[in-house]
Amino acid sequence: MTIFQFPQDFRWGTATASYQIEGAAQEGGRGVSIWDTFARTPGKVFNGDNGDVACDSYHRYEEDIALMKKLGINTYRFSIAWPRIIPDGDGEINREGLDFYHRFVDALLDAGIEPFLTLYHWDLPQTLEDDGGWGNRRTVDAFVKYAEVIFKEFSGKINFWLTFNEPWCIAFLSNMLGIHAPGNKDVQTAINVAHGLLVAHGKAVQSFRRMGITGQIGIAPNVCWAEPYSKSAEDQAACDRSIALNTDWFLDPIYKGSYPQFLVDWFAEAGATVPIQDGDMEIISEPIDLLGINYYTMGINRHNPDAGVLQSEEMNMGLIKTDIGWPVESRGLYEFMHYLQKYGNVDVYITENGACINDDLENGKINDDRRISYYEQHLAQIHRIINDGINLKGYMAWSLMDNYEWAEGYRMRFGLVHVDFRSLVRTPKESFYWYQSVIKNNWLEIRN
Ligand SMILES: N=NNCCOCCOc1ccc(-c2cn(C[C@@H]3NC[C@@H](O)[C@H]3O)nn2)cc1
């Protein structure tokens with residue numbers, strides 16, 4: 001038996017997102033988001049699943065918070081749905097939407113749980129997408145208006161703020177690969193989206209400072225750690241491109257005020273350029289206080305001219321996989337956190353980490369041992385990372401409960417709590433009780 005003790009002030013939490021759990025898609029004055037539209041587009045989402053009901057957390061949030069309290073977390077990451085606040089994107093403010101989130105945040109605080117807010121977790125008002133989306137500066141200005149409304153409303157109640165969740169997914173998964181909403185498949189569009197959201201991020205941080213808002217603000221990139229299939233320079237270069245597109249493409253502008261030149265040149269070869277306007281890079285590089293890091297898996301990649309615009313092919317190495325097909329390899333988290341040090345020993349929170357394990361109820365229980373094993377491996381790496389002196393300040397498991405996993409619909413389950421999507425009954429899984437024990441003890445026991 002090995003015991004890994006965590007720091008006394010380490011934050012333990014879980015994470016969700018508005019479109020994935022709330023439901024009530026046509027209630028409370030909410031406007032239409034790009035995911036409402038995408039989910040209704042034939043062939044885009046498994047089984048045609050949509051977020052109309054999801055986990056019905058809009059109506060059941062008190063039950064959810066009771067589960068969080070039972071779990072023992074002190075931090076809960078969630079997102080606010082922009083279409084609930086400004087339904088048409090940049091017009092009238094919907095007071096009913098603000099009131100809902102005040103009730104929710106007040107209930108979290110009453111339960112002794114720190115709110116950790118993501119301003120944008122992919123549910124863009126459709127009206128703004130119709131007018132060019134993140135590539136149009138109208139959307140950038142609309143985001144700043146929305147952010148300032150939330151800053152003003154929740155300053156003093158919320159002390160941890162993230163502007164964007166997984167900018168690589170927003171830009172490249174959704175506009176170059178077409179796998180997520182709005183489903184574009186164009187490199188230039190993706191680069192325009194990435195730049196637009198970065199400018200929006202920087203302007204929002206500038207507003208946050210100017211308005212004197214309480215707490216700390218940052219952004220949450222998702223990690224794509226990759227190691228070379230062979231020792232060849234071209235396979236290593238393929239890995240460098242994959243890693244950098246998820247991380248450096250966003251963090252270099254924020255921390256250095258410029259894009260990674262090797263990737264700018266790579267895209268120029270593909271005929272795509274970054275639409276930088278005067279002053280943009282100064283805005284984007286407004287200093288931030290923290291980073292959220294989302295880690296799930298890592299790859300072994302090789303150079304392949306036919307493997308998309310990055311020419312980086314992820315190889316199947318026969319590793320154990322979760323039920324969504326991602327290899328279980330926690331080593332990548334350790335390697336990545338050391339890679340991240342090039343931006344300085346910045347305060348980092350793991351804002352997402354978890355396993356898709358689709359175990360179902362058996363005699364009223366869910367014996368999700370594979371999820372427990374996944375978490376054991378990744379928390380052991382986190383202990384190593386902290387021991388190396390890296391400022392890793394907290395951990396939020398993805399996810400509190402099974403929810404709408406985007407293009408996979410409801411078939412892919414990441415929750416510590418099982419949700420029956422017909423009855424909406426919540427059932428804590430064995431991993432819930434395992435995580436509850438880790439939090440209570442503030443240590444991890446590894447069975448040798
Ligand atoms: N990286 N290179 N990929 C190359 C090509 O991949 C094809 C498929 O791509 C991907 C990549 C990444 C994801 C993904 C999903 N989640 C889980 C959510 N995170 C935010 C929260 O809402 C969770 O639901 N995180 N990441 C999905 C599909």
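Residues numbered from 1 in each chain as written. Predicted model: local features only at pLDDT ≥ 70, side-chain atom pairs only at ≥ 80, totals over all residues. Heavy atoms only, no water.

1. Re the overall build of the protein chain
For the protein chain, the helix and strand inventory stands at 16 helices and 15 strands. For 448 residues, the compact-globule estimate of 2.2 N^0.38 gives 22 Å, and the protein chain sits close to it at 21 Å. Each principal axis of the C-alpha atoms in the protein chain carries an extent, and together these give about 55 × 55 × 45 Å. When the 448 residues of the protein chain are sorted by exposure, 60% land in the buried category. Within the protein chain, residue pairs in contact and separated by at least 24 positions form 77% of the contacts whose partners lie at least 6 positions apart. (Helix = DSSP H or I, 4+ residues; strand = E, 2+ residues; numbered from the N terminus. Rg over C-alpha atoms; globule rule 2.2 N^0.38 Å. Buried < 20%, exposed > 50% of the residue type's maximum accessible area, 1.4 Å probe, protein only. Contact = heavy atoms within 4.5 Å.)

2. Thoughts on the UniProt feature "active site" (unreviewed entry) in the protein chain
Taking the UniProt record as the reference, the feature "active site" (unreviewed entry) is found at Glu-166 and Glu-352. In terms of the greatest pairwise C-alpha distance, the residues named above, spread along 187 residues, form a tight cluster of at most 10.1 Å across. Considering the arrangement of structural elements, one finds Glu-166 in the loop between β5 (160–165) and α8 (167–175). Not counting the four nearest positions on each side in its chain, Glu-166 is found in contact with Trp-122, Ala-220, Pro-221, Asn-222, Asn-294, Tyr-296 and Glu-352. You can see Glu-352 is positioned in strand β11 (residues 347–352). Taking the relative accessible area as the measure of exposure, Glu-352 reaches 4% and is therefore buried. Those residues in contact with Glu-352, other than ones at most four positions away along the chain, are Arg-77, His-121, Asn-165, Glu-166, Ile-293, Asn-294, Tyr-295, Tyr-296, Met-396 and Trp-398. (UniProt positions renumbered as here; feature names shortened; annotations may be inferred.)

3. Comments concerning the sheet that holds strand β3 (residues 75–79)
Spatially, β2-β3-β4-β5-β6-β8-β11-β12 is the arrangement adopted by the 8 strands of the closed barrel, whose pairing is parallel. Direction aside, neighbouring strands of the sheet carry axes that sit 25° apart on average. Running at roughly 155° to strand β2 (residues 11–15), helix α16 (residues 430–441) makes contact with β2 and β12 (392–398) of the sheet. (Pairing = 2+ DSSP bridges. Axes fitted to C-alpha atoms, helices over the stretch in contact; angles between N-to-C directions.)

4. Thoughts on the packing of helix α10 (residues 233–246) against helix α11 (residues 248–256)
Any two packed helices are characterised by how steeply their axes cross, that is the angle between the axes, and by the distance between the axes. Where α10 meets α11, the closest approach of the two axes is 4 Å, and the angle between their N-to-C directions is 55°. On the basis of their axis angle, the class for α10 and α11 is oblique. Mapping the contact onto sequence places Ile-243, Ala-244, Leu-245 and Asn-246 in α10 and Asp-248, Trp-249 and Phe-250 in α11. (Parallel < 35°, antiparallel > 145°, perpendicular 65-115°, else oblique.)

5. Let's talk about the UniProt feature "binding site: substrate" (unreviewed entry) in the protein chain
Per the UniProt record, "binding site: substrate" (unreviewed entry) is found at Gln-20, His-121, Asn-165, Tyr-296, Trp-398, Glu-405 and Trp-406. By the secondary structure assignment, Trp-398 is in strand β12. What makes Trp-398 buried here is its relative accessible area of 2%. Judged by relative accessible area, Glu-405 falls into the buried class, the value being 11%. With near-sequence residues (within four places) excluded, Glu-405 lies in contact with Gln-20, Ile-324, Trp-398, Met-412 and Phe-414.

6. So, the packing of helix α15 (residues 369–387) against α16
Two elements in contact, α15 and α16, have axes whose closest approach is 9 Å; the angle formed by their N-to-C orientations is 30°. Relative to α16, the element α15 is oriented roughly parallel. Counted together, Arg-371, Ile-372, Tyr-375, Glu-376 and Leu-379 of α15 and Glu-430, Ser-431, Trp-434 and Val-438 of α16 form the full contact between these two elements. Of the residues assigned to the contact of α15 with α16, the class counts are 5 nonpolar, 1 polar and 3 charged. (Nonpolar A, V, L, I, M, F, W, Y, C, P; charged D, E, K, R; others polar.)

7. Concerning the pattern of salt bridges
Overall, the coordinates contain 27 salt bridges when judged by the stated rule. Between Arg-60 and Asp-56 there is a salt bridge, with its nearest N and O atoms 2.8 Å apart. Among the residues examined, Asp-56 registers a relative accessible area of 11% and is labelled buried. One salt bridge connects Asp-248 with Lys-342, and the closest N-O pair in it is separated by 2.4 Å. Of the two residues, Asp-248 is situated in helix α11 and Lys-342 in the loop between α14 (331–339) and β11; the sequence distance between them amounts to 94 residues. Residue Asp-248 is classed as buried on the basis of its relative accessible area, which comes to 4%. Several salt bridges converge on common partners, so that one network encompasses Asp-90, Asp-131 and Arg-138. (Salt bridge = Lys/Arg side-chain N within 4 Å of Asp/Glu carboxyl O.)

8. Observations concerning the site of the ligand
Neighbouring the ligand are 16 residues; Gln-20, His-121, Glu-352, Glu-405 and Trp-406 lie closest to it. Within the contact set of the ligand, an oxygen atom lies 2.7 Å away from a side-chain nitrogen or oxygen of Glu-405. In this structure, an oxygen atom belonging to the ligand sits 2.8 Å away from a side-chain N or O atom of Trp-406. The protein chains hide 74% of the 610 Å² of surface that the ligand would expose on its own. Here the shell around the ligand is composed, by residue class, of 10 nonpolar, 3 polar and 3 charged. (Near = heavy atom within 4 Å. Polar contact = N/O pair within 3.5 Å; in protein donor to acceptor, adjacent residues only side chain to side chain. Areas by Shrake-Rupley, 256 points an atom, 1.4 Å probe, with all protein chains shown as cover.)

9. Quick look at unusual backbone geometry
The omega angle of the peptide bond from Ala-181 to Pro-182 is 10°, so this bond is cis rather than trans. Here Pro-182 lies in the loop between α8 and α9 (187–210). Put simply, Trp-398 and Ser-399 share a cis peptide bond, and its omega is 15°. Looking at where Ser-399 falls in the secondary structure, it is placed in the loop between β12 and β13 (417–419). Not every positive phi belongs to a glycine, and Ala-54 is a case in point at roughly 50°. Of note, the phi angle at Leu-424 is positive, near 70°, even though the residue is not glycine.

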